[in-house]
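Residue-level structure breakdown
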Amino acid sequence: MSEGQLDSVEALLEEARLMAWMPSPVERLRLREAAGLSRAQVAAAVGVGRQTVANWESGETDPQPPGRGKYLKLLKGLAEIHPAPTPEAPGNAGITAPQAPVAPTAPQSLPAAAELPPTAFRPDGLVVQGNPEPCIRCGVVTPFKATDGRSLHPGAMCQPPADTPRAATPAVTRVPAPAAPLQPSPTPARVPSRPQRRAQSSARAQAETNTLITGAVHEELERAEGDADVALQALVKRAIPDVMRLFEETRATARYQYTAYPSLPDILHKPSKREPDQIWEARPNFHHPHYSLKAPGSVQVTALDANAAYLSALKCWLPIGKLEHHAGSDGVDAKRSGVHLITPAPWNHPHLPDPLGDREEPGALWITDATLRLLLRLSGPKYGLIEAPTVHESWTSGATENFLDALRKVLAAARETALAQDDTITEGYVKAMYSKFISTMGESIHNREIQRPDWMHIIHSQAYANLWGKAYKAHQAGLEVIAMMGTDELHVSGDWRQVFTEGRGLTQMKIKHSDVKASGEYSVGQVAR
């Protein structure tokens, strides 16, 4: 047996030993807390998300590869440093030698309240309590405490126990001590509302996830000894596992549980590796029929680029659970999302892009919820551009528009900071993360942590719907829409800066330059009608 084979066998045996030793969830939590480690520290060390560590400690899930081996090694080492308390012998736990009952040792005469320490109060105005002990004034056992830590009835208002006979003593007339002035109760802190608590948790989570991005960039720069190109290449290679970890971290304060591997209808499965599934994403490839590069003319056109189109499209309605089948329009609901089989109405506006994209075959087709929402808006009274489509059947689930919003905000903030600092490495790293996150969440061999082709199609369609909205905005402002292609390319004639803010921000547009002729600023001619 070769040395490499022996190493493989030993590695398997070591993992088997650790699996056999695996402590309970309660012990996992105890070991981490005993070492003073945070969940974020453990997650970073073993290469998983903070929420994954929380799930392992609560028992919701058991440790799984790829982080399981490192996690168990860490626990094994912590167990040697912080061994569990030795359990008592069976049958004797909690049993102590019998003790004589504590008899109240009341003094023969009660000292005046003024001679005793004052009662201890908590900040909320309640009396401090502790281990029950005989009151220092009357001897009756009480849990209430004085400022010096000894037991004392509140305000020294002692009463002798009813079942304890007391020797008769001559009546002693005492002058009552002046009562101590009452201290005003402190004003309780205001309890934050649920949205405020959620916002605070989200802010903490966003701060922690931002450090994951900057930490990865610094790590690869150090490995590359400052070579920016080499560092960016390494960051792009690790973008998928890194963005999945970010996704898990941003889910830590989420309100919704999702299904990562739901059973899917056949329409969402690829027949083969080379064949797509049946979902039409409405990708545009629009060219105004009245203008052409080949026709002579001097109509000035500007090619515009919508910045980070897929990142903005993460704000969309996504189904959370398993998709359920509905006949007719029963699956169409504002709080549900999925895919729908429709027959669209004809589009009679050649000067505007068809919201169904570059579609050549007529008839029924499967579209995403993002496309259906766009069609329904355009058929409403605000636009009145098209008749509502006929919905034949749907596969939908309960949905939310904010499912990926925390991840979107983290990546958008990192991108904005990178642009402000002219940090091309972080900018490229962020772009690789959100683009690969979307492209591999379907049936991809590069990402085994999630399989939601319905999400991928919906996000793509949302990017196209967002671009259509920009084209319609330009048209309404008096510009001519010359072309609209892909997720981010919009060509217009006219003063576009009066409609869009120029820049590289998410809500801004910039001039698109490329090697093709129709890029930047160029001229077209009108085609004879």
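In what follows, the accompanying structure is described. Bear in mind that the values here come from a model prediction, so they are computed numbers and not experimental data. (Residues numbered from 1 in each chain as written. Predicted model: local features only at pLDDT ≥ 70, side-chain atom pairs only at ≥ 80, totals over all residues. Heavy atoms only, no water.)

Moving on, we come to the overall build of the protein chain. The helix and strand tally for the protein chain stands at 13 helices and 15 strands. Per-residue burial for the protein chain yields a buried fraction of 40% across its 529 residues. (Helix = DSSP H or I, 4+ residues; strand = E, 2+ residues; numbered from the N terminus. Buried < 20%, exposed > 50% of the residue type's maximum accessible area, 1.4 Å probe, protein only.)

Right, let's talk about helix α10 (residues 369–378) for a bit. Along α10, eight of the ten residues are buried, which leaves the element largely enclosed by surrounding structure. Of all the residues in α10, the buried ones are D369, A370, T371, L372, R373, L374, L375 and L378.

Enumeration over the complete set of coordinates arrives at seven aromatic pairs. Counting every residue linked through ring pairs, the aromatic cluster contains F247, F403, F437 and W455. (Phe/Tyr/Trp six-rings, centres within 6.5 Å; stacked < 30°, edge-to-face > 60°.)

Further remarks concern the environment of H513. Secondary-structure assignment places H513 in the loop between β14 (509–511) and β15 (521–526). In this structure, the C-alpha to C-alpha distance between H513 and T302, residues 211 residues apart in sequence, is 9.9 Å.

Here the phi dihedral of E225 falls at roughly 55°; this positive angle occurs in a residue that is not glycine. Tracing the chain through its elements places E225 in the loop between α6 (194–223) and α7 (228–237). Judged by relative accessible area, which is 76%, E225 ranks as exposed.

Below, the discussion takes up the side chain of E281. Here E281 is to be found in the loop between β3 (279–280) and β4 (285–287). One buried charged side chain, E281, makes no salt bridge at all; its nearest oppositely charged neighbour is R283, positioned 6.1 Å away. In this structure the side chain of E281 is engaged in a polar contact, spanning 2.6 Å, whose partner is the side chain of H457. (Lys, Arg positive; Asp, Glu negative; His and termini not counted. Salt bridge = Lys/Arg side-chain N within 4 Å of Asp/Glu carboxyl O. Polar contact = N/O pair within 3.5 Å; in protein donor to acceptor, adjacent residues only side chain to side chain.)

For the rest of this paragraph, the subject is the nonpolar core. Ranked by size, the top nonpolar core spans 40 residues in total, and within it I213, L318, L404, L411, M433, F437 and I459 carry the most contacts. If you list the elements that add at least two residues to this core, you get α6, α8 (239–250), α9 (309–313), α11 (405–420), α12 (424–439) and α13 (453–476). Element by element, the count of residues in this core is highest for α12, at eight residues. F437 has contacts with V243, M244, F247, L404 and L407, leaving out every residue within four places of it along the chain. The next biggest cluster of nonpolar side chains, apart from the first, holds 33 residues, and it includes A345, V391, W468 and M484. (Core = buried A, V, L, I, M, F, W, Y, C linked by side-chain atoms within 4.5 Å. Contact = heavy atoms within 4.5 Å.)

Let's shift gears to the packing of α7 against α12. How two helices sit against one another is set out by the angle between their axes and by the gap between those axes. Look at α7 against α12: their axes get within 9 Å of each other, and the N-to-C directions meet at 20°. Between α7 and α12, the angle falls in the class roughly parallel. Handedness of the crossing formed by α7 with α12: right-handed. Contacts between α7 and α12 involve A228, L232, L235 and V236 from the first element and I425, G428, Y429, A432 and K436 from the second. (Axes fitted to C-alpha atoms, helices over the stretch in contact; angles between N-to-C directions. Parallel < 35°, antiparallel > 145°, perpendicular 65-115°, else oblique. Left-handed = near helix turned anticlockwise from the far one by under 90°.)

Turning our attention to α12. For α12, built from 16 residues, the straight-helix expectation of 22 Å at 1.5 Å per residue is met to within 8% by its first-to-last C-alpha distance of 22 Å. Taken residue by residue, α12 has I425, T426, E427, Y429, V430, A432, M433, Y434, F437 and I438 as its buried positions. In this structure D423 caps α12, since a side-chain oxygen of it lies 3.2 Å from the backbone nitrogen of I425. (Expected span 1.5 Å × (residues − 1).)

Looking at the element boundaries, S397 is found in strand β11 (residues 390–400). Its relative accessible area of 7% is what places S397 among the buried residues. From its side chain, S397 meets the backbone nitrogen of G321 in a polar contact 3.1 Å long. Setting aside anything within four residues of it in sequence, one finds S397 in contact with P319, I320, G321, K322, L323, K335, R336 and S337.

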